[in-house]
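Understanding the architecture of this molecule
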Amino acid sequence: MKKLKILVLIMAFLLVVGCTNNSTGSKNSSSEKNEKVLIYGSNDYTNINPALYEHGEINSLIFNGLTAHDKDNKIVPCLAEKWDYNESDNTYTFKLRNDVKWHDGEKFTANDVKFTIDTIMDPKNSSEIASNYEDITKIEVIGDDEIKLTLKAPNTAILDYLSVGVLPKHILDGKDIITDKFNQNPIGTGPFKLMNWDKGQSITLSKNGDYFEKIPKLDKVVFKIVPDDKAKTIQLKANEIDLAQVAPKDITIFKDEKGFKIDIMKTADYRGILYNHNAGFFSMNIAKGLPNALSYAIDRESIVKSVLLGYGESAYSPLQLGEYNNPEIEKFKYDKEKAKDEIEKLGWKMGEDEVYEKDGIDLEFEITASEDDEVRVDMAKVCAQQLREIGVNAKATITTNLDWENQDSTIIGWGSPFDPDDHTYKVFGTDKGSNLSGYSNENVDRLLQSARETADNDDKTKLYKDFQSEMTKDIPYTFIAYINAVYVGKDNIEGLNTDKVLGHHGVGIFSNIVDWDIK
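Residues numbered from 1 in each chain as written. Predicted model: local features only at pLDDT ≥ 70, side-chain atom pairs only at ≥ 80, totals over all residues. Heavy atoms only, no water.

Brief notes about the confidence of the model for the protein
Detailed reading of the predicted coordinates is not advisable wherever pLDDT is low. Put simply, the protein has an average pLDDT of 92, and 94% of its residues get 70 or more. Of the regions scoring below 50 in pLDDT, residues 1–31 engages in zero contacts with residues more than four places distant in sequence or in other chains. (pLDDT = per-residue confidence, 0-100. Contact = heavy atoms within 4.5 Å.)

A few points about the nonpolar core
If you look at the biggest cluster of nonpolar residues, it comprises 68 residues, and the most contacted ones within it are Phe 94 and Phe 223. Among all residues touching Phe 94, those that are not within four sequence positions of it are Leu 66, Ala 80, Lys 82, Trp 83, Asp 145, Glu 146, Ile 147, Leu 149, Leu 159 and Leu 162. Of all hydrophobic cores here, the second largest spans 62 residues; its members include Phe 365, Cys 383, Ile 411 and Ile 475. (Core = buried A, V, L, I, M, F, W, Y, C linked by side-chain atoms within 4.5 Å. Buried < 20%, exposed > 50% of the residue type's maximum accessible area, 1.4 Å probe, protein only.)

Some points on the side chain of Asp 219
When you line up the elements, Asp 219 lands in the loop between strand 9 (202–207) and strand 10 (220–225). A polar contact is formed between the side chain of Asp 219 and the backbone nitrogen of Lys 36, at a distance of 2.7 Å. Beyond its immediate stretch of four places on either side in the chain, Asp 219 contacts Asn 34, Glu 35, Lys 36, Phe 192, Leu 205, Ser 206 and Lys 207. (Helix = DSSP H or I, 4+ residues; strand = E, 2+ residues; numbered from the N terminus. Polar contact = N/O pair within 3.5 Å; in protein donor to acceptor, adjacent residues only side chain to side chain.)

Here we look at the UniProt feature "domain: Solute-binding protein family" (unreviewed entry) in the protein
UniProt's feature table lists "domain: Solute-binding protein family" (unreviewed entry) at residues 74–433, given in the numbering used throughout. For the annotated span residues 74–433, helix accounts for 21% and strand for 26% of the residues, and the straight-line distance between the end C-alpha atoms is 25 Å. (UniProt positions renumbered as here; feature names shortened; annotations may be inferred.)

Concerning empty space enclosed by the protein
To locate leftover empty space, one rolls a probe as large as a water molecule over the atoms. Per the counting criterion, the structure on display carries two cavities of 30 Å³ or more. By volume, the largest cavity amounts to about 50 Å³. Leu 66, Val 113, Thr 116, Ile 117, Ile 120, Leu 162, Val 164 and Val 166 are the residues that line the largest cavity. Considered class by class, the residues forming the lining of the largest cavity number seven nonpolar, one polar and no charged. What the second largest cavity holds in volume is close to 30 Å³. At the level of elements, strand 14 (312–314) and strand 21 (477–483) are the ones that each hand at least two residues to the lining of the second largest cavity. (1 Å grid on protein atoms, 1.4 Å probe; cavity = no way out; pocket = protein on both sides within 12 Å on 5 of 7 lines; lining within 4 Å. Points joined across faces, edges and corners; volume = space filled by probe spheres on them. Nonpolar A, V, L, I, M, F, W, Y, C, P; charged D, E, K, R; others polar.)

What to know about helix 14 (residues 457–473)
For helix 14, built from 17 residues, the straight-helix expectation of 24 Å at 1.5 Å per residue is met to within 8% by its first-to-last C-alpha distance of 25 Å. Residues of helix 14 that are buried make contact with helix 8 (290–295), helix 12 (425–428), helix 13 (442–452) and strand 21. N-capping of helix 14 is provided by Asp 456, with a side-chain oxygen placed 3.1 Å from the backbone N of Asp 458. (Expected span 1.5 Å × (residues − 1).)

As for a negative patch on the surface
Together, Glu 352, Asp 353, Glu 354 and Glu 364 give the surface a local cluster of negative charge. Note on placement: Glu 352 falls in the loop between strand 15 (349–350) and strand 16 (356–358). Glu 352 sits in the exposed class, given a relative accessible area of 87%. (Patch = residues over 30% accessible without salt bridge, like charges linked within 9 Å, V, L, I, M, F, W, Y side chains within 5 Å. Areas by Shrake-Rupley, 256 points an atom, 1.4 Å probe, with all protein chains shown as cover. Salt bridge = Lys/Arg side-chain N within 4 Å of Asp/Glu carboxyl O. Lys, Arg positive; Asp, Glu negative; His and termini not counted. Charge placed at Lys NZ, Arg CZ, Asp CG, Glu CD.)

Observations regarding the packing of helix 13 against helix 14
Packed helix pairs are characterised by how far apart their axes lie and by the angle those axes make with each other. Across the interface, helix 13 lies against helix 14 with an axial gap of 9 Å and an inter-helix angle of 160°. Between helix 13 and helix 14, the angle falls in the class roughly antiparallel. Relative to helix 14, the crossing made by helix 13 is left-handed. Contacts between helix 13 and helix 14 pair Asn 443, Val 444, Leu 447, Leu 448, Ser 450, Ala 451 and Arg 452 from the former with Lys 460, Leu 463, Tyr 464, Asp 466, Phe 467, Glu 470 and Met 471 from the latter. When the residues that make up the contact of helix 13 with helix 14 are grouped by side-chain class, the tally is eight nonpolar, two polar and four charged. (Axes fitted to C-alpha atoms, helices over the stretch in contact; angles between N-to-C directions. Parallel < 35°, antiparallel > 145°, perpendicular 65-115°, else oblique. Left-handed = near helix turned anticlockwise from the far one by under 90°.)

This is how it looks when you write it as structure tokens:
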């Protein structure tokens, strides 16, 4: 009997404990349900560091710059309250906010700004954006909340470039910036801070309750790693993600689907064929002049219709959508016979196999595209087919990892809605950080250098128009199309600025993330 009483007491105790645990679990579950969590279908990240890597959509959530861009892409203050420019000695003096803290609670100061710019400009760090800052000759910390930058010459884009995310000196000083664990555990001053990084699966950010500006309405933003466009569409349909950029051909899937909203946003983002002058077919002397000739063989209008389904426009210039465009330049309009004539003027002759050849070498090369980008894959296939129609043995090669150094050519993407210096100087300038093709043209270098140093808008416009004219004499890319960014999301997501002109890869969608809400 005594044993039975003990057994009853044990069972009762276990029952109480079990009920307590269940109760706690329900409470946590309820709390999580009340949180506003946005799950975004994202490409993968290996490092998050705005001073080293330009293409990081997540950067704007974690970091702030001295400046920022408003809804119209105009420069506005951010970590800097204000600034003065002294034209006589090319100096900018920035007055910084004194109410900003890093995510770890340390105070943000001017020393962090100097450390960041020094890090970008240090050649051993191989920063992708170093050429943006090469005009800076001196950085002076006047006090915790004041810093002065001296430039060797005027640079009209410098305020745009100072929107780059600032790094914490107290964490990174003396470290190897390329290999440090900070790149997987970033600490910034932005509206969201890193909560968890599950490699290859997701990056979870939680709102920064101490943010110096408006506190975000969203509690968490989860960058769920989704490997390709097709998978993003599938996961949107399965309610596994809330928002993602999808390929134009997937619009029809969601057009009449309840619970979803489609936003088609204008971008300054273009696609083209990059010809690699460093290695492969286009590094050979016999290939000289071919990019111009081949450009006539690409039917851009058909690509806009078939690949982009009309959500974009034909491209002929890297500055086509801005005020500095030169509409009078050679546009290389589709003309198969013209393409053949230009190829033959370069000494190529049609072989018995109906492929052009010269000095015993066939006119054949690969156009590569990354398999996770449906638009680039489709463009590579269409371009290869169109080139084959005129006697060029072009092959579309779809790959997991692009071999930038050794490929013949690839479908490239660039474009910026900011100062025209962005995505021109560093992309087409000789030996600049984002010049992935090895393109070199002395006249282009001279014009781009002069343009970035010219404040007078009429003179600046003429220089950029001359740059575009010079570029067409020895074209770096076959420009194909500007693409619209197609975002599909749940219809309960509010606050997106759908009128904003976005940049490369649709970057800029998160620029007003603090205003987003889930109803």
